[in-house]
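Reading the structure
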Amino acid sequence: MNEFGIEYKQEDWRLFIDLSKTSLKGVLLNNGNTYASVPVAHSIHMKETYENLNIILEKINYTSHDWMLCGDLKVISMLLGQQ
């Protein structure tokens, strides 16, 4: 956020994750749509599994930011361990 000159408040952002058979993407979305989305993760080599999703969340240090998580039913089910 410092690079973009944006004051960072974790409650102003949510993490959107999209999985497909060919890619995994993660972007930060501003709650007020004041700022453009900020890409934080992308992979074209990871399959859509809980383990890979967990790796991405660890790499972006999700637990320290505690963003609201958004995604489709497949992503939410995977995070809840209901593959």
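Before any of the text, the structure's been laid out above.
Residues numbered from 1 in each chain as written. Predicted model: local features only at pLDDT ≥ 70, side-chain atom pairs only at ≥ 80, totals over all residues. Heavy atoms only, no water.

Examining the packing of aromatic side chains
Enumeration over the complete set of coordinates arrives at two aromatic pairs. For the pair Trp13 and Tyr35, a centre-to-centre distance of 6.0 Å together with 15 degrees between the ring planes defines the contact as stacked. Taken together, the residues Trp13 in strand β1 (residues 13-19) and Tyr35 in the loop between β2 (24-30) and β3 (38-43) connect sequence positions 22 residues apart. What makes Tyr35 partly exposed here is its relative accessible area of 39%. Both rings, one in Tyr62 and one in Trp67, keep their centres 6.4 Å apart while their planes meet at 50 degrees; by these two values the pair is tilted. (Phe/Tyr/Trp six-rings, centres within 6.5 Å; stacked < 30°, edge-to-face > 60°. Helix = DSSP H or I, 4+ residues; strand = E, 2+ residues; numbered from the N terminus. Buried < 20%, exposed > 50% of the residue type's maximum accessible area, 1.4 Å probe, protein only.)

Examining unusual backbone geometry
In the Ramachandran plot, Asn33 falls in the positive-phi region, its phi being about 55 degrees despite a non-glycine side chain. Looking at the secondary structure, you find Asn33 in the loop between β2 and β3. The exposure class assigned to Asn33 is exposed, which follows from its relative accessible area of 63%. A positive phi angle is found at Asn61, which is not glycine, with a value near 60 degrees. Mapped onto the elements, Asn61 comes out in the loop between α1 (50-59) and α2 (62-65).

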